[in-house]
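The primary structure of each chain is shown beneath.
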Amino acid sequence: MKVLIVEDSIFVQKLVRKLIMDHTTDCEIQIASNGEQGYNLYQTFKPDLIITDLLMPGLNGQEMLRMIREIDRDVHIIILSADIQKATREEVESLGISGFLNKPLTVDKANTLVELIRVTNHAE
Amino acid sequence: MLNELQKDLLTELVNVYVGQAANMLSEIVDRHIVLNIPDVELISFSDVDRKDRRYNIFFNEGHLFRSSLQFGYEFQGKAFLMFPAEQAKILANMCLGELTETIPENFRLMDTDLDVLKEVSNVLLNAIIGEFGNFLELKLEYVLPDIELIHGTHSDPEILLQNEVYVLVLHTSFLLAETDVKGIIIIALSMSSISILLDKIDALLGAGHE
């Protein structure tokens, strides 16, 4: 499975990368620090799954998600964001996502993320 | 600025929001956190009494770590989270799983520390501001959080502290088990945003009396 992590915090990038590496096999990971990098990598890397933050410098995660959904309804996208607003969640859910997790990434949420990744992997 | 009932309800709301933020911080550092909110005030910054010990973090000498999150548009303002630099370092260490509760005098906040502190601040401020958005049933748009190391004596004129700007001051004290990491949260609001907030509070208070 190919996973693209789009996240501006190096700390969270490492955390998510380690989580995936510890719980999945045969996984190729690439990392982008903002939406623009994420969109460019999406086009060249062709990931099966994108795990993305929302609030990032430059192009934000929601705009990146919108751009991707204009050309691709299939790629799985999981949101990992500190934004706890119901309105935000409803907006990104309407664009089609596989999951929405609020930061911080606790043990319970990490387990949920791993489970979402497994479900995505089996859906391929 | 606030009558007794408005202040009571606002304090209650903020207690819940900051409690949720504290719970998130507790999950990040894996320690019990006691969070006190002695007071919530809506004031004009020109009214701040510099002799008031509660505002020491603004005016004392020394370096501060300051994180800010700007939000808009219908409900507009900027939220700040500030820690003395030394305590920010302790917090960063704890987030990184380092158990050091004291740090050397000549410590430095490294890029790794700042990255961690930015993320932690982002989570905490989002938890509070996001709930205001939910409460007001408004979608808040955020500008990317900003972090700075500032000198205490230079902090006051920079913190949106012009006259006519009202600030919602939450005096918080994060107490991380056996480590006294203290910070302050300030939310600066535009006049129109204060009106929106007070209208909603008054509506709730009115409903409570029906």
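Treat the numbers as computed from the prediction; the structure is a model and nothing was measured.

Rules behind the numbers
- Residues numbered from 1 in each chain as written.
- Chains lettered and ligands numbered in written order.
- Predicted model: local features only at pLDDT ≥ 70, side-chain atom pairs only at ≥ 80, totals over all residues.
- Heavy atoms only, no water.
- Axes fitted to C-alpha atoms, helices over the stretch in contact; angles between N-to-C directions.
- Helix = DSSP H or I, 4+ residues; strand = E, 2+ residues; numbered from the N terminus.
- Parallel < 35°, antiparallel > 145°, perpendicular 65-115°, else oblique.
- Left-handed = near helix turned anticlockwise from the far one by under 90°.
- Contact = heavy atoms within 4.5 Å.
- Nonpolar A, V, L, I, M, F, W, Y, C, P; charged D, E, K, R; others polar.
- Buried < 20%, exposed > 50% of the residue type's maximum accessible area, 1.4 Å probe, protein only.
- Pairing = 2+ DSSP bridges.
- Lys, Arg positive; Asp, Glu negative; His and termini not counted.
- Salt bridge = Lys/Arg side-chain N within 4 Å of Asp/Glu carboxyl O.
- Polar contact = N/O pair within 3.5 Å; in protein donor to acceptor, adjacent residues only side chain to side chain.
- Phe/Tyr/Trp six-rings, centres within 6.5 Å; stacked < 30°, edge-to-face > 60°.
- Lys NZ or Arg CZ within 6 Å of the ring centre and 35° of its normal.
- Buried area = accessible area lost by both parts, 1.4 Å probe.
- Arc of directions from axis to C-beta.

A. Focus on the packing of helix 2 (residues 35-45) of chain A against helix 3 (residues 61-71) of chain A. Residues and elements named next belong to chain A. Running from N to C, helix 2 and helix 3 cross one another at 25 degrees; their axes reach a closest spacing of 9 Å. As judged from the angle between their axes, helix 2 and helix 3 are roughly parallel. In the packing of helix 2 onto helix 3, the handedness of the crossing is right-handed. Within the contact between the two elements, helix 2 uses G35, G38, Y39 and Y42 and helix 3 uses M64, M67, I68 and I71. Residue classes in the contact of helix 2 with helix 3 are distributed as six nonpolar, two polar and no charged.

B. Spatial organisation of the pairing of strand 3 (residues 77-84) of chain B. Residues and elements named next belong to chain B. Counting buried residues in strand 3 gives six out of eight residues, a clear majority hidden from the surface. Across eight bridges, the pairing between strand 2 (residues 63-72) and strand 3 is antiparallel. Pairing of S68 across the sheet is with F80, part of strand 3. Connecting the antiparallel pair strand 2 and strand 3 is a turn made up of four residues. Inspection of the sheet shows strand 3 paired to strand 7 (residues 184-189) by six bridges, in the antiparallel sense. Counterpart to A79 in the pairing with strand 7 is I187.

C. Broad picture of the side chain of D72 of chain A. Residues and elements named next belong to chain A. With respect to the helices, strands and loops of the structure, D72 is situated in the loop between helix 3 and strand 4 (76-81). Here D72 occupies a buried position and makes no salt bridge, while the nearest side chain of opposite charge, R69, is found at 4.6 Å. Polar side-chain contacts of D72 include one of 3.1 Å to the backbone nitrogen of V75.

D. Main features of the packing of helix 1 (residues 4-29) of chain B against helix 3 (residues 85-95) of chain B. Residues and elements named next belong to chain B. Two elements in contact, helix 1 and helix 3, have axes whose closest approach is 8 Å; the angle formed by their N-to-C orientations is 60 degrees. Here helix 3 runs oblique to helix 1, going by the angle between their axes. Contacts between helix 1 and helix 3 involve L25, I28 and V29 from the former and L91, M94 and C95 from the latter. Tallied by class, residues from the contact of helix 1 with helix 3 come to six nonpolar, no polar and no charged.

E. Highlighting the environment of T44 of chain A. Residue position: T44 of chain A is located in helix 2. Distance in space between the C-alpha atoms of T44 of chain A and M67 of chain A is 15 Å, their sequence separation being 23 residues.

F. Region of interest: the packing of aromatic side chains. Residue and element names in this part refer to chain B. The tally for this structure, following the rule as stated, stands at four aromatic pairs over all chains. Here the aromatic rings of F71 and F75 are separated by 5.8 Å at their centres, their planes lie at 25 degrees, and the arrangement is stacked. Taken as a pair, F71 and F75 share a single burial class, namely buried. Aromatic side chains F75 and F132 sit 6.1 Å apart centroid to centroid with 25 degrees between the ring planes, which places their arrangement in the stacked category. Of this pair, F75 sits in the loop between strand 2 and strand 3 while F132 is found in helix 4 (residues 111-136), placing the two residues 57 residues apart along the sequence. In this structure F75 comes out as buried when scored by relative accessible area, which is 1%. Over the face of the ring belonging to F135 we find K200, whose NZ or CZ atom lies 5.9 Å from the ring centre.

G. Structural context of the interface of chain A and chain B. The partner chain B presents 24 residues to the 22 residues of chain A that form the contact. Note on chain A versus chain B: buried area summed over both sides is about 1800 Å², and carbon and sulfur give 63% of it. Joining chain A to chain B, the criterion identifies two salt bridges. The shortest N-O distance in the salt bridge between K139 of chain B and E91 of chain A comes to 3.1 Å. Remark: the boundary between chain A and chain B carries nine residue pairs in polar contact (both at pLDDT 80 or more). Broken down by secondary-structure element, the contributors of at least two residues to the side of chain A that touches chain B are helix 1 (10-23) and helix 4 (86-95) of chain A. In terms of residue count, the dominant contributor to the side of chain A that touches chain B is helix 4 of chain A (four residues). Here the side of chain A that touches chain B is composed, by residue class, of ten nonpolar, five polar and seven charged.

H. The arrangement of the environment of F75 of chain B in detail. Separated by 29 residues in sequence, F75 of chain B and P104 of chain B place their C-alpha atoms 42 Å apart. Leaving out residues up to four positions away in the same chain, F75 of chain B has contacts with F132, L136, L138, L140, L189, S193 and L197 of chain B.

I. Summary view of helix 3 of chain A. Residue and element names in this part refer to chain A. The set of residues buried in helix 3 consists of G61, Q62, M64, L65, I68 and R69. With its buried residues spanning 155 degrees around the axis, helix 3 presents them on a single face. Within helix 3, the exposed residues directed more than 90 degrees away from the buried face are E70 and I71. Those residues of helix 3 that are buried are in contact with strand 1 (2-6), helix 2, strand 3 (49-52), strand 4 and helix 4.

J. Representation of unusual backbone geometry within the structure. Of note, the bond from K103 of chain A into P104 of chain A is cis; its omega dihedral lies within 30 degrees of zero at 5 degrees. Within the secondary structure, P104 of chain A is located in the loop between strand 5 (99-102) and helix 5 (107-123). Here G72 of chain B and Y73 of chain B are connected by a cis peptide whose omega angle stands at 0 degrees. Within the secondary structure, Y73 of chain B sits in the loop between strand 2 and strand 3. The phi torsion at D26 of chain A lies on the positive side, around 50 degrees, for a residue other than glycine. Counting through the fold element by element, D26 of chain A comes out in the loop between helix 1 and strand 2 (28-32). Of note, E137 of chain B is a non-glycine position whose phi angle comes to about 55 degrees, a positive value. Within the fold, E137 of chain B resides in the loop between helix 4 and strand 4 (141-142). Residue E137 of chain B is classed as exposed on the basis of its relative accessible area, which comes to 64%.

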